[in-house]
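# Working through the structure, step by step
Given next are the chains, with one letter for each unit.
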Amino acid sequence: MDWTKLIFDLIDLRSFSNLWYWIALAVTWSSASHWVLGIPYDMVLRARRAGGQAEADLETITRINVGRILYIVREAGAILLAMLAFALTTLALLGFVYRVEFAQAVFLIAAPLSGVGLLSVATARRIDAEGDHGEALRRRLALHRVTVQVIGMVSIFVTAFWGMLQNFNLSILPG
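Since the structure is predicted, the reported quantities are computational estimates derived from the model, not experimental observations.

Conventions and cut-offs
- Every chain is numbered independently, its residues counted from 1 as its sequence is written.
- Reporting of local features is limited, given that this is a predicted model, to residues whose pLDDT is at least 70; pairs of side-chain atoms are given and counted only at 80 or more, and all residues count toward the totals for whole chains, interfaces and linings.
- With hydrogens and water excluded, all non-hydrogen atoms of the structure serve as input to the side-chain values.
- Numbered from the N terminus, helices here are DSSP runs of H or I no shorter than four residues, and strands are runs of E no shorter than two.
- Burial classification: accessible surface area is computed with a 1.4 Å probe over protein chains only, and a residue below 20% of its type maximum counts as buried, one above 50% as exposed, and the rest as partly exposed.
- Cavities and pockets are found on a 1 Å grid laid over the protein atoms alone: a cavity is a set of points where a 1.4 Å probe fits but cannot escape, a pocket is an open set with protein on both sides within 12 Å along at least five of seven lines, and a lining residue has an atom within 4 Å of such a point.
- Grid points are joined across faces, edges and corners, and a volume is the space filled by probe spheres set on the points.
- The residue classification treats Ala, Val, Leu, Ile, Met, Phe, Trp, Tyr, Cys and Pro as nonpolar and Asp, Glu, Lys and Arg as charged. All others, Gly included, are polar.
- Should any heavy atoms of two residues lie within 4.5 Å, those residues are considered in contact.
- Any residue with relative accessible area above 30% and no salt bridge may belong to a patch, with like charges joined within 9 Å and the nonpolar Val, Leu, Ile, Met, Phe, Trp and Tyr side chains within 5 Å.
- Only the protein chains shown count as cover for residues, and all accessible areas are computed by the Shrake-Rupley method using a 1.4 Å probe.
- Just to be clear on terms, a salt bridge is a Lys or Arg side-chain nitrogen sitting within 4 Å of an Asp or Glu carboxyl oxygen.
- Take the number of residues in a helix, subtract one, and multiply by 1.5 Å to get its expected span.
- Fitting axes to the seven residues that end at a residue and to the seven that start at it, the angle between those axes gives the bend at that residue.
- We call Phe, Tyr and Trp rings a pair once their centres come within 6.5 Å, taking the six-membered ring for Trp, and we label the pair stacked below 30 degrees between planes, edge-to-face above 60, and tilted otherwise.
- Lysine and arginine charges are scored as sitting over a ring when NZ or CZ, respectively, is within 6 Å of the ring centre and within 35 degrees of the ring normal.

Okay, unusual backbone geometry next. For Leu37, which is not glycine, the phi dihedral falls at a positive 55 degrees. Assignment of secondary structure puts Leu37 in the loop between β1 (35–36) and β2 (39–40). For Leu37, a relative accessible area of 5% gives the class buried. The phi dihedral of Arg99 falls on the positive side, at around 60 degrees, and the residue is not glycine. Counting through the fold element by element, Arg99 comes out in the loop between α4 (52–97) and α5 (101–130). Look at Arg99 and you get exposed, because its relative accessible area is 57%.

See the structure below:
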């Protein structure tokens, strides 16, 4: 009895038919929509409900995170963008030209998250430029969250569609 064959038969290591991939996809988008610019969204809700110290805390953490994001973009933005473009291009080529399923799976998570990253930079720049605080800040963070959720829903739909297509094409049923 070949133990490795038995293990690989029991545990399907292909990405789109692996339950762990779908759990990771759900956790990724859940986390992305909860952490708005690195700020837990419950702080935004608490500031809306309670005001006072909760509002001050939200404005402080927003100022810190916006400053951090903009500092990283100023200091290393071009290099990070080049590295991101290289990584996404590599994943796209490996996945969709050379048919490496794992690269397809990672690309289908990383590409939309890259868009969320760019959206976060744009939102941070707007908050910094317009000096948002109070209701305007909460509204901007809520709009950012909704946009991230829409990107996540589209991403999950496209990934599920592509994953089902891959699973149907690689079906174990005889043709």
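So that's the structure; there's more coming.
Glancing now at the layout of surface pockets. Approximately 700 Å³ is the volume found for the largest pocket. Lining of the largest pocket is provided by 25 residues; of these, Ser114, Gly117, Leu118, Ser120 and Val121 occupy positions nearest its centre. Secondary-structure elements contributing two or more residues to the lining of the largest pocket are α2 (19–34), α4, α5 and α6 (135–169). Considering every element that reaches the lining of the largest pocket, the biggest residue donor is α5, with 10 residues. Residue classes in the lining of the largest pocket are distributed as 16 nonpolar, 7 polar and 2 charged.

Residue placement: Arg138 occurs in helix α6. Filtering out sequence-adjacent residues up to four positions away, Arg138 remains in contact with Val44, Ala47, Arg48, Glu55 and Leu58.

Bringing a nonpolar patch on the surface into the picture now. On the surface, Val146, Val150, Met153, Val154, Phe157, Val158, Phe161 and Leu165 cluster together to form a nonpolar patch covering roughly 760 Å² of accessible area. Along the polypeptide, Met153 turns up in helix α6. Residue Met153 is classed as exposed on the basis of its relative accessible area, which comes to 56%.

Here α5 contains 30 residues, and its C-alpha end-to-end distance of 44 Å stays within 8% of the 44 Å for a straight helix at 1.5 Å per residue. In the structure, α5 departs most strongly from a straight axis at Phe107, where the bend amounts to approximately 25 degrees. Directly beyond the C-terminal end of α5, a positive phi value near 60 degrees is found at Gly131.

A side chain of one charge can pair with a side chain of the opposite charge if their charged atoms are brought near each other. Counted according to the given criterion, the structure contains 5 salt bridges. Residue Arg140 is joined to Glu130 by a salt bridge in which the shortest nitrogen-to-oxygen separation is 2.5 Å. With Arg140 in helix α6 and Glu130 in helix α5, this pair connects stretches of sequence that are 10 residues apart. Salt bridges sharing common partners tie together Glu55, Glu135 and Arg138.

Before going further, it helps to spend a moment on the packing of aromatic side chains. Where two aromatic rings form a pair, the distance of their centres and the angle of their planes describe that pair. Inspection of the entire model under this criterion finds 5 aromatic pairs. Between Phe16 and Trp22 the ring centres are 6.4 Å apart and the planes differ by 45 degrees, which places this aromatic pair in the tilted class. An angle of 80 degrees between the planes, with centres 5.6 Å apart, marks the rings of Phe96 and Phe107 as edge-to-face. Remark: Phe107 occurs in helix α5 and Phe96 occurs in helix α4; sequence separation between them is 11 residues. The rings of Phe16, Tyr21 and Trp22 are connected pair by pair, giving a single aromatic cluster. The aromatic ring of Tyr41 is capped on one face by Arg145, whose charged end is 4.2 Å from the ring centroid.

What follows covers α6. Because an α-helix completes one turn every 3.6 residues, residues spaced three or four positions apart along the sequence face the same direction. For α6, spanning 35 residues, the distance from its first C-alpha to its last is 51 Å, which sits close to the expected 51 Å at 1.5 Å a residue. Of all the residues in α6, the buried ones are Leu137, Arg138, Arg140, Leu141, Ala142, His144, Val148, Gly152, Ser155, Thr159, Gly163 and Gln166. Buried positions along α6 lie against α2, β1, β2, α3 (41–50), α4 and α5.

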